[in-house]
Amino acid sequence: MYSRIAKFQSTSKVNCDMIMAFFQNVMIPINIKNSQLSCEVYRV
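Remember, predicted model here, so these are calculated numbers, not experimental data. (Residues numbered from 1 in each chain as written. Predicted model: local features only at pLDDT ≥ 70, side-chain atom pairs only at ≥ 80, totals over all residues. Heavy atoms only, no water.)

> Describe in detail the overall build of the protein chain, supporting the description with residues and values.
Per the secondary structure count, the protein chain includes one helix and two strands. If you list the helices and strands of the protein chain from N to C, you get β-α-β. Across the 44 residues of the protein chain, 16% fall into the buried class. At a minimum sequence separation of 6, the contacts of the protein chain that also span at least 24 residues come to 70%. By element, 59% of the accessible surface of the protein chain is carried by carbon and sulfur atoms, the whole surface being about 3,500 Å². (Helix = DSSP H or I, 4+ residues; strand = E, 2+ residues; numbered from the N terminus. Buried < 20%, exposed > 50% of the residue type's maximum accessible area, 1.4 Å probe, protein only. Contact = heavy atoms within 4.5 Å. Areas by Shrake-Rupley, 256 points an atom, 1.4 Å probe, with all protein chains shown as cover.)

> Tell me about helix 1 (residues 13–33), residues and numbers included.
With 21 residues, helix 1 extends 29 Å from end C-alpha to end C-alpha; this agrees with the ideal 30 Å at 1.5 Å per step. The largest bend in helix 1 amounts to roughly 35 degrees and is located at F23. Buried within helix 1 we find C16, M20, I28 and N31. Count one or two residues on from helix 1 and you reach S35, which has phi positive near 75 degrees. (Expected span 1.5 Å × (residues − 1). Bend = angle between axes of the 7 residues up to and from the residue.)

> So what's going on with the packing of aromatic side chains? Which residues, and what values?
Across all of its chains, the model carries one aromatic pair by this definition. A centroid spacing of 5.9 Å and a plane angle of 65 degrees characterise the contact between F22 and F23, whose relative ring orientation is edge-to-face. (Phe/Tyr/Trp six-rings, centres within 6.5 Å; stacked < 30°, edge-to-face > 60°.)

> Any details on a nonpolar patch on the surface? Residues and values, ideally.
Together, F22, V26 and I30 line one region of the surface with nonpolar side chains, adding up to about 240 Å² of accessible area. Summarising the element assignment, V26 is placed in helix 1. V26 sits in the partly exposed class, given a relative accessible area of 33%. (Patch = residues over 30% accessible without salt bridge, like charges linked within 9 Å, V, L, I, M, F, W, Y side chains within 5 Å. Salt bridge = Lys/Arg side-chain N within 4 Å of Asp/Glu carboxyl O.)

Bear in mind that shape data such as this cannot, by itself, settle questions of function.
Take a look at the structure:
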């Protein structure tokens, strides 16, 4: 399994940082534990 978060919009920088922290600290570890091979998060 491979996950890519290509683009999202947020209303403020704080909201953007909260979403990024959520993916890095919650979603990515859960997905890796469930056999995800790789994940890429980047801002456009």
